[in-house]
Amino acid sequence: MSNFPFLSVLTVAPLVGALVVAFLPRRNPELAKQVAFAWSLLVLVLSVVMWVSFNAGGDRFQFRESYTWIPNWGVSFTFAADGIALVMLMLIAVLVPLVILASWHDAESSKRSIPVYFALLLILESTMIGVFAAADVFLFYVFFEVMLVPMYFLIGSYGGHQRQYAAVKFFLYSLVGGLFMLAAVIGLWVVGGKTFDWQALSQVDISTGTERWLFLGFFLAFAIKAPFFPFHTWLPDAGGAAPAGAAALLVGVLDKVGTFGILRYCLPLFPEASKWFAPWALALGVIGIIYAALLAVGQNDLKRLVSYTSIAHFGFIGVGIFAFTTQAGTGAVLYMLNHGLATGLLFLVVGMLVARRGSALISDFGGAGKLVPVLAGVLFFAGLASLALPGTAPFISEFLVLIGTFTVNKPVAVIATLGIILAAAYVLWMVQRTTQGTLNPTLTEVDGMRRDLSLREKVVVAPLIALIVLLGFYPKPVTDVINPAVQATMDDIGRSDPPPSVGGTVQEAGR
């Protein structure tokens, strides 16, 4: 199966499904939902087969395909996946079917086309797969930009309060970042011998000054996309206005393009510039952890609160990347996966709670667990996973990031640890004010608050809970895939780990 064109098929399949769904009659929305869900399951099955076919001890990049696109510019449809990309592709394949199930009734209140809503989700899946699978810099840039379009319409057409403002802000921030990247992509093409092939560019010797400018162009685009402080202000607006399912994909997958881009492009292509900018990137990561956590504590809007928690988590990922140890790097990649699972679950559960109450304000809840005990229990579990409770998958990620950073930069690791304390504050406070304590009398007057999780909603949350627990106790199948790619990235920038005096090896910690 290693010769099967997995990556091109996975990229095209959701797009074909989107066309089928979009042209289904509007008078039969249930058919559109069913076809979209079935198509996303097909992508999941193919992704599982690809995961099984991946040889963790083999070549760094596997499933490579290349098809000529614009020969005069040296542009090709080149796809390849290392362990980092493979993990993100599996995250997409798992989340999209669950998001479609969770969004079964999300589009109905918007009075807009239901088939188009589910078609947009499939188009988004196609572009997300493409951006992680691309091994041509120009192709990556195209997917990076096109990915904005379906999310813009999902927020602007199907979102909630201030959806148009949030959609425009999201689009403009990302577009500005994309312009910085475009300038850097053109510069890289000029100094790289007029090619966009990643492997060829990784061998190019670039002068120090040029390398720093090119790094900055890529890094700014990725820092906005992630987002890192101080480029984060678009995320609370977009996450607060987007439908719950779209928001889960926004913070669970789309934002990971930023951190993935740093690992795939900034570090290997500009190794010296990466080391030169590392202290600044670490500072932004630490500030983001503390600043976003403090803002999360003060939020009264559930969806904005979850958005701010994501900004804090991306600070941990940034610290793990720029610590330049395999332990911290593996933790950062694992954090990208586990954050997608935990925060995706949290956003979906918050969406279920908000849909029942008709409000996202925490002050409109209180004691809701007495009416919807199962939903309240899942919210509590998702919150504990978000704060990285031992036994949940994010704990392994956070532990690896902090211990890997501590071996080379103790002050950064110590300050970042304060974020764990703040995470406990904002998560437990959110849970206490929404589902615990005295029952808010107005909740009994809301019909939706008398319905606990339906069978469909249980099917949505159960796989995510199972994965979070499984990876919390046994992350080895994932770390075995991630470790070689992270080690290769460290080799690209010429960094080796210090003696394993603290915490053992990556493999030991991963087990």
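Described in the following lines is the structure provided in the data block. All values derive from a computational prediction rather than experimental measurement.

### Here's the deal with the pattern of salt bridges
Part 1: Evaluation of the coordinates by the stated rule reveals nine salt bridges.
Part 2: Between Asp237 and Lys169 there is a salt bridge whose closest N-O contact spans 2.8 Å. Of this pair, Asp237 sits in helix 10 (residues 234-241) while Lys169 sits in helix 7 (residues 163-191), and the two are 68 residues apart along the sequence.
Part 3: Two residues, Arg304 and Asp237, come together in a salt bridge whose shortest N-O distance is 2.9 Å. Residue Arg304 is found in helix 14 (residues 302-322), and its partner Asp237 is found in helix 10; the two are separated by 67 residues along the sequence.
Part 4: What makes Arg304 partly exposed here is its relative accessible area of 24%.

### Topic: empty space enclosed by the protein
Part 1: Within the structure shown, the criterion is met by three cavities of 30 Å³ or more.
Part 2: A volume near 50 Å³ is recorded for the largest cavity.
Part 3: Around the largest cavity sit Ile289, Ala312, His313, Phe316, Tyr335, Ser386, Leu387, Glu398, Gly419, Ile420, Ala423 and Tyr426, which together line it.
Part 4: Breaking the lining of the largest cavity down by element, the ones donating at least two residues are helix 14 and helix 18 (410-435).
Part 5: With four residues, helix 18 is the largest single contributor of residues to the lining of the largest cavity.
Part 6: By residue class, the composition of the lining of the largest cavity is eight nonpolar, three polar and one charged.
Part 7: Size it by volume and the second largest cavity reaches roughly 40 Å³.
Part 8: If you trace the second largest cavity, you find it lined by Phe219, Phe228, Ala281, Leu284, Gly285, Gly318 and Phe322.

### Focus: the layout of surface pockets
Part 1: If you add up the space inside the largest pocket, you get close to 1000 Å³.
Part 2: Elements with a contribution of two residues or more to the lining of the largest pocket: helix 6 (148-158), helix 7, helix 10, helix 11 (244-254), helix 14, helix 15 (326-357) and helix 19 (455-473).
Part 3: If one sorts the elements of the lining of the largest pocket by residue count, helix 15 sits on top with six residues.
Part 4: When the residues that make up the lining of the largest pocket are grouped by side-chain class, the tally is 14 nonpolar, 14 polar and 11 charged.
Part 5: If you go around the second largest pocket, you meet 14 residues; those closest to its centre are Trp51, Met90, Leu467, Leu471 and Val478.
Part 6: At the level of elements, helix 2 (29-53), helix 3 (83-102), helix 15, helix 19 and helix 20 (476-492) are the ones that each hand at least two residues to the lining of the second largest pocket.
Part 7: By residue class, the composition of the lining of the second largest pocket is 14 nonpolar, no polar and no charged.

### Some remarks on the nonpolar core
Part 1: Ranked by size, the top nonpolar core spans 191 residues in total, and within it Phe140, Phe218, Leu267 and Phe322 carry the most contacts.
Part 2: Setting aside its immediate chain neighbours within four residues, Leu267 contacts Ile262, Ser274, Ile321, Phe322, Phe324, Thr489, Met490 and Ile493.

### Overview of a nonpolar patch on the surface
Part 1: On the surface, a cluster of nonpolar side chains totalling about 330 Å² of accessible area is made up of Val168, Leu172, Leu175 and Leu179.
Part 2: By the element assignment, Leu172 lies in helix 7.
Part 3: Judged by its relative accessible area of 48%, Leu172 falls in the partly exposed class.

### As for the packing of aromatic side chains
Part 1: One pass over the full model with this rule turns up 31 aromatic pairs.
Part 2: Between the aromatic rings of Phe140 and Tyr265, the centroid separation amounts to 4.5 Å while the plane-to-plane angle is 40°, which identifies the pairing as tilted. Within this pair, whereas Phe140 is found in helix 5 (residues 137-146), its partner Tyr265 is found in helix 12 (residues 256-269), the two being separated by 125 residues in sequence. Summarising the burial analysis for this pair, Phe140 and Tyr265 share the class buried.
Part 3: Considering the side-chain rings of Phe215 and Phe219, the 5.6 Å spacing of their centres and the 10° angle between planes classify their relative orientation as stacked. In this pair, Phe215 and Phe219 are both assigned in helix 9 (residues 208-225), four residues apart and thus about one turn of the helix distant.
Part 4: Taking the relative accessible area as the measure of exposure, Phe215 reaches 1% and is therefore buried.
Part 5: We classify Phe219 as buried; its relative accessible area is 8%.
Part 6: Aromatic ring contacts, followed pair by pair, group Trp69, Trp73, Phe77, Phe138, Trp189 and Phe196 into a single cluster.
Part 7: Just above the ring of Trp429 sits the side chain of Arg433; from NZ or CZ to the centre is 3.6 Å.

Conventions we followed
Here the residue index of a chain counts from 1 through its sequence in written order. With pLDDT at 70 or above as the cut-off, local features in this predicted model cover only qualifying residues; side-chain atom pairs require 80 or more to be listed or tallied, and sums for whole chains, interfaces and linings still use all residues. In computing side-chain values, all of the structure's heavy atoms are included and hydrogens and water are not. A pairing counts as a salt bridge when a side-chain nitrogen of Lys or Arg comes within 4 Å of a carboxyl oxygen of Asp or Glu. Starting at the N terminus, helices and strands are each numbered in turn, a helix being any DSSP run of H or I of at least four residues and a strand any DSSP run of E of at least two. Burial here depends on accessible area, computed with a 1.4 Å probe over protein chains only, as a share of the maximum for the residue type. Under 20% is buried, over 50% is exposed, and the range in between is partly exposed. With a 1 Å grid spanning the protein atoms alone, the term cavity applies to any set of points in which a 1.4 Å probe fits but cannot get out, the term pocket to an open set with protein on both sides within 12 Å along at least five of seven lines, and the term lining residue to any residue with an atom within 4 Å of a point. Grid points are joined across faces, edges and corners, and a volume is the space filled by probe spheres set on the points. Any residue outside Ala, Val, Leu, Ile, Met, Phe, Trp, Tyr, Cys, Pro, Asp, Glu, Lys and Arg is labelled polar, Gly included; the first ten of those are nonpolar and the last four are charged. Definition of nonpolar core: a set of buried residues of the types Ala, Val, Leu, Ile, Met, Phe, Trp, Tyr and Cys, connected through side-chain atoms within 4.5 Å. Any two residues whose heavy atoms approach within 4.5 Å at even a single point are treated as in contact. Only residues above 30% relative accessible area that lack a salt bridge enter a patch, with like-charged residues linked at up to 9 Å and the nonpolar side chains Val, Leu, Ile, Met, Phe, Trp and Tyr linked at up to 5 Å. Areas reported here follow the Shrake-Rupley algorithm with a probe of radius 1.4 Å; residue values treat only the protein chains shown as occluding. Stacked, tilted and edge-to-face are the three classes assigned to paired rings of Phe, Tyr and Trp, where Trp is represented by its six-membered ring and a pair needs centres within 6.5 Å; plane angles under 30 degrees give stacked, over 60 edge-to-face, the rest tilted. Counting as a charge over the ring demands two things of the Lys NZ or Arg CZ atom: a distance within 6 Å of the ring centre and an angle within 35 degrees of the ring normal.

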